[in-house]
Amino acid sequence: MTELSLPAKAYLLACDVGKGKLRDRHRAGLLVSGAAMTDLALRGRVADEDGRVAVSGAGPTGDLVLDELLTEIAGERPRKWKWWVRKDARGTLEAVESQLDAAGVIEMKTGRTLGLFPSRHPIVRDPAVVDRLRALVDQALRGPAPSSDVDARDAALTALVAAVELRDVIPGRDKRRYKDRIEELTERGGDAVPALRKLFRELRAIRASAASSSGGS
């Protein structure tokens, strides 16, 4: 795997390297799905038409996960970005896991939580890869270059991470401090990033409601 796709990079940033796990598989699934849609947009393979996703260009991307997603989009009636980011996010996450495992970037360990529920744990073979990705995000967010000069893929990755609030990568205080910068990077990331942000806010609200109901019972 010579060059990591955007969803692969997003996946690695969602990993807890020290503990060998994903911190939150649901959050990571939305992140990876949003990154896949963003990657296709940056490659010019999908575009926005009246708020809906349309296939553009021809031929494979060279990435199996992205090609499979592109085939699904081509076979579906026009749908909004939010619909595609949410659709089978878990499946996209697992496809990226398998891809990274096959490439030797991670090693998947399977087990059972509480001795009952199947679990999957990614071991990042070279933690320096994640360190470099964190450095790219840090430079895109805090670097001296204008946001317009930041590499488009680095800008998108940073915006995606901010959208799902990966606070070990972008702490809450930095998200507030660099709010305007994040908005500028988000504009460069395309239509999937705002859709991802809306979906994560919905997830957060559902979880808060569930926690409140549980606490009051």
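Definitions and cut-offs
- All residue numbers refer to position in the chain's written sequence, counted from 1.
- Under the rules for a predicted model, residues below a pLDDT of 70 receive no local features and side-chain atom pairs below 80 are neither given nor counted, while totals for whole chains, interfaces and linings still include all residues.
- Computation of side-chain values covers all heavy atoms of the structure but excludes hydrogens and water.
- Only runs of H or I of at least four residues qualify as helices and only runs of E of at least two qualify as strands under DSSP, and these elements are numbered from the N terminus.
- Centres within 6.5 Å make a pair out of two Phe, Tyr or Trp rings, where for Trp the six-membered ring is used; the pair is then stacked when the planes are under 30 degrees apart, edge-to-face when over 60, and tilted otherwise.
- A ring is scored as having a charge over it whenever the NZ atom of a lysine or the CZ atom of an arginine sits within 6 Å of its centre and within 35 degrees of its normal.
- At least two bridges found by DSSP between two strands is the condition for calling them paired.
- Cavities and pockets are found on a 1 Å grid laid over the protein atoms alone: a cavity is a set of points where a 1.4 Å probe fits but cannot escape, a pocket is an open set with protein on both sides within 12 Å along at least five of seven lines, and a lining residue has an atom within 4 Å of such a point.
- Grid points are joined across faces, edges and corners, and a volume is the space filled by probe spheres set on the points.
- Each residue is placed in one exposure class: buried if its accessible area under a 1.4 Å probe, protein chains only, is under 20% of its type's maximum, exposed if it is over 50%, and partly exposed if it falls in between.
- Any helix carries an expected span of 1.5 Å times its number of residues minus one.
- Picture the helix axis, draw a direction to every C-beta atom, and the arc is the one those directions span.
- Basically, the charged four are Asp, Glu, Lys and Arg, the nonpolar ten are Ala, Val, Leu, Ile, Met, Phe, Trp, Tyr, Cys and Pro, and anything else, Gly included, counts as polar.
- Put simply, a nonpolar core is a bunch of buried Ala, Val, Leu, Ile, Met, Phe, Trp, Tyr and Cys residues held in one set by side-chain atoms that sit within 4.5 Å of each other.

### Some details on unusual backbone geometry
Part 1: For D50, which is not glycine, the phi dihedral falls at a positive 55°.
Part 2: The residue D50 is located in the loop between β3 (46-49) and β4 (52-55) in this model.

### Topic: the packing of aromatic side chains
Part 1: Here the structure, examined in full by the defined rule, presents one aromatic pair.
Part 2: A cation over a ring is seen here: R79 above W83, with NZ or CZ 4.2 Å from the ring centre.

### Description of the pairing of β3
Part 1: The sheet contact formed by β3 and β4 spans four bridges and is antiparallel. Pairing of A47 across the sheet is with A54, part of β4.
Part 2: Between β3 and β4, which pair antiparallel and follow one another directly, the connecting turn spans two residues, one of which, D50, has a positive phi of 55°.

### Considering empty space enclosed by the protein
Part 1: For the structure shown, the criterion picks out one cavity of 30 Å³ or more.
Part 2: Computed from the structure, the largest cavity encloses a volume of approximately 30 Å³.
Part 3: For the lining of the largest cavity, the element with the highest residue contribution is helix α10 (residues 192-216), accounting for four residues.

### A few points about the environment of E49
Part 1: By secondary structure assignment, the location of E49 is in strand β3.
Part 2: Of the residues examined, E49 reaches a relative accessible area of 52% and is grouped as exposed.
Part 3: In this structure, the C-alpha to C-alpha distance between E49 and P78, residues 29 residues apart in sequence, is 8.9 Å.

### Considering helix α5 (residues 89-102)
Part 1: Here α5 contains 14 residues, and its C-alpha end-to-end distance of 20 Å stays within 8% of the 20 Å for a straight helix at 1.5 Å per residue.
Part 2: Those residues of α5 not exposed but buried are A89, T92, L93, V96, E97, Q99 and L100. Considered in projection along α5, the buried side chains sweep an arc of 165° and stay on one side of the axis. Residues of α5 that are exposed and angled more than 90 degrees away from the buried face: R90 and A102.

### Quick look at the layout of surface pockets
Part 1: Reported here for the largest pocket is a volume of approximately 220 Å³.
Part 2: Contributing to the lining of the largest pocket are 11 residues, with R25, R90, P118, S119 and R120 lying nearest its centre.
Part 3: Of all the elements in the fold, those that place two or more residues in the lining of the largest pocket are β2 (21-22), α5 and β6 (117-124).
Part 4: Top contributing element to the lining of the largest pocket by residue count: β6, with four residues.
Part 5: Here the residues of the lining of the largest pocket are counted per class, giving two nonpolar, three polar and six charged.
Part 6: Roughly 190 Å³ of volume is contained in the second largest pocket.
Part 7: If you trace the second largest pocket, you find 13 residues lining it, with K175, K179, E183, R197 and R201 closest to the centre.
Part 8: Of all the secondary-structure elements, those providing two or more residues to the lining of the second largest pocket are α7 (152-163), α9 (179-189) and α10.
Part 9: Considering only residue class, the lining of the second largest pocket consists of five nonpolar, one polar and seven charged.

### Re the nonpolar core
Part 1: If you look at the biggest cluster of nonpolar residues, it comprises 61 residues, and the most contacted ones within it are Y11, L12, M37 and L100.
Part 2: Among the elements that line this core, the one with the most residues is helix α2 (residues 25-42), at eight residues.

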